[in-house]
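Below, each chain spelled out in residue letters.
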Amino acid sequence: MKKFMDWLQLSGFRSHRADFYRDLAEMYERSEPQVAFLEGEIANSLRVRDRSRVSALKLMLAKLQSGERLGQLSHVLGSVMPRSDQMMLASVERADDKAEALRALAVAVEQQQSMTKMMISYSVLPLVMLPVCIVLIMVLSGVILAIDKATPEFVRPELWAGFNGFCRDLAVLSTDWGGLILAGLTGAMVALVWSLSRWTGRLRSKADGLPIYSLYRDFQSGLMFSSLAMLLKSGSPLKSSIEDLAERSSGWGRWQLLRVLAALEDRPNAVIEAFSHGILSPHMLARAYTLHRSAATFSDVLVALGTKEAANVQKRVKNSAIFANIAIVSSLVCVATFMGLASITV
């Protein structure tokens with residue numbers, strides 16, 4: 001319960017943390033001491049009654065004044081910022097120009113937030129359509145079965161032939177087994193969501209081409225490459241950057257990064273082929289090959305994919321989200337439409 005309350009208290013600050021990173025960049029440019037900066041920002045936040053920001057800044061100040069790890073950013077901000085920022089904060093510490101690195105971090109965070117908002121917005125339609133279609137199917141099933149009961153026996157063979165008969169069978173199925181089918185679909189949806197971040201292996205590589213799994217792949221790849229771009233821009237070697245990112249990743253993301261590392265171990269010079277085993281969508285892989293033709297190193301390609309190519313990544317995520325929406329919603333709408341047409345033709 002305490003963890004949930006802490007998360008709730010910091011959620012407002014985290015949603016606007018890109019602005020804080022830019023303020024922190026100005027602190028480095030002014031050579032202002034960290035303690036003075038945090039105390040001043042706490043006073044400003046109290047003036048505007050931003051309680052979430054005050055709570056976050058007080059946690060940072062307590063970490064800084066504890067004297068542990070010499071005020072490293074990843075330590076001072078570790079308990080405040082989400083886990084997705086930890087690797088990028090580590091790259092800021094390695095950067096020579098911390099102000100510029102923090103501004104790049106702010107841009108990366110905004111790109112990630114934009115993709116997250118896009119994912120949430122495209123999840124609304126299926127969640128809204130599901131109960132509407134279920135209610136519509138049950139009501140229309142009741143109408144069709146009521147007509148069936150009121151129909152004389154000698155008329156039924158003719159009435160329930162062809163399309164009408166198919167829809168009557170569907171109405172019986174919905175009425176008699178609707179609850180069980182709904183429970184099964186709910187269980188399947190829960191299993192699907194659970195598998196998105198945890199399922200790995202050869203079959204998962206094939207499943208990543210399916211609508212919902214491809215959406216998850218494109219979304220997670222966008223987040224990974226924005227973090228990887230931060231590490232590479234700070235001067236970290238490619239292999240150690242991937243290792244650092246894999247160490248802090250889990251499930252599907254860690255599995256994909258370990259596959260890249262294994263491929264680099266086998267063929268150190270075939271860098272682009274190492275990223276062709278599923279971590280990138282076919283479209284993004286083709287874009288990587290295009291950029292590689294004129295790039296000095298493949299690290300420059302990865303930096304471009306994580307920064308300059310953010311618009312293309314978001315476009316792919318959007319296309320995958322639209323396709324997933326069509327796949328989910330169309331199945332529900334088709335059943336409801338069949339039942340509606342049957343109630344008219346009967």
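Below is a short write-up of the structure. (Residues numbered from 1 in each chain as written. Predicted model: local features only at pLDDT ≥ 70, side-chain atom pairs only at ≥ 80, totals over all residues. Heavy atoms only, no water.)

Looking at the environment of Ala150
You can see Ala150 is positioned in helix α7 (residues 98-150). C-alpha separation for the pair Ala150 and Met81, spaced 69 residues apart in sequence, amounts to 65 Å. (Helix = DSSP H or I, 4+ residues; strand = E, 2+ residues; numbered from the N terminus.)

Overview of the packing of helix α6 (residues 86-94) against α7
It is at 9 Å that the axes of α6 and α7 come closest, and there the two elements cross at 165°. Taken together, the axis directions place α6 and α7 in an arrangement best described as roughly antiparallel. In this structure, α6 meets α7 at a crossing whose hand is right-handed. Counting all contacts with α6, which are made through Met88, Leu89, Val92 and Glu93, the residues of α7 involved are Lys98, Ala101, Leu102, Leu105, Ala108, Val109 and Gln112. (Axes fitted to C-alpha atoms, helices over the stretch in contact; angles between N-to-C directions. Parallel < 35°, antiparallel > 145°, perpendicular 65-115°, else oblique. Left-handed = near helix turned anticlockwise from the far one by under 90°. Contact = heavy atoms within 4.5 Å.)

Focus on helix α13 (residues 251-266)
Its 16 residues place the ends of α13 23 Å apart at the C-alpha level, agreeing with the 22 Å of an ideal helix rising 1.5 Å per residue. Every buried residue of α13 is accounted for by Trp252, Gly253, Trp255, Gln256, Leu257, Val260, Leu261, Ala263 and Leu264. Turning to α13, the residues buried within the fold contact α9 (162-198), α10 (202-207), α11 (211-233), α12 (238-247) and α14 (271-274). (Expected span 1.5 Å × (residues − 1). Buried < 20%, exposed > 50% of the residue type's maximum accessible area, 1.4 Å probe, protein only.)

As for the packing of α9 against α11
The N-to-C vectors of α9 and α11 enclose an angle of 40°; their axes lie 10 Å apart at closest approach. At the point where α9 passes α11, the crossing takes the right-handed sense. Each of Leu192, Ser195, Leu196 and Ser197 in α9 lies in contact with α11, whose residues at this interface are Ile212, Tyr213 and Tyr216. Tallied by class, the residues present in the contact of α9 with α11 amount to five nonpolar, two polar and no charged. (Nonpolar A, V, L, I, M, F, W, Y, C, P; charged D, E, K, R; others polar.)

A few points about a nonpolar patch on the surface
Side chains of Phe163, Phe166, Phe338, Leu341 and Ile344 sit close together on the surface and give an oily, nonpolar patch of about 490 Å² of accessible area. Looking at the nonpolar patch, the element that brings in the most residues is helix α17 (residues 310-345), giving three residues. Here Leu341 shows up in helix α17. (Patch = residues over 30% accessible without salt bridge, like charges linked within 9 Å, V, L, I, M, F, W, Y side chains within 5 Å. Areas by Shrake-Rupley, 256 points an atom, 1.4 Å probe, with all protein chains shown as cover. Salt bridge = Lys/Arg side-chain N within 4 Å of Asp/Glu carboxyl O.)

Observations concerning the packing of aromatic side chains
With the rule as written, the count across this model stands at seven aromatic pairs. Ring centres 6.4 Å apart and planes at 55° place the aromatic pair Phe20 and Tyr21 in the tilted group. Residues Phe20 and Tyr21 agree in their burial class; the two are buried. Considering the side-chain rings of Tyr216 and Trp252, the 5.8 Å spacing of their centres and the 75° angle between planes classify their relative orientation as edge-to-face. (Phe/Tyr/Trp six-rings, centres within 6.5 Å; stacked < 30°, edge-to-face > 60°.)

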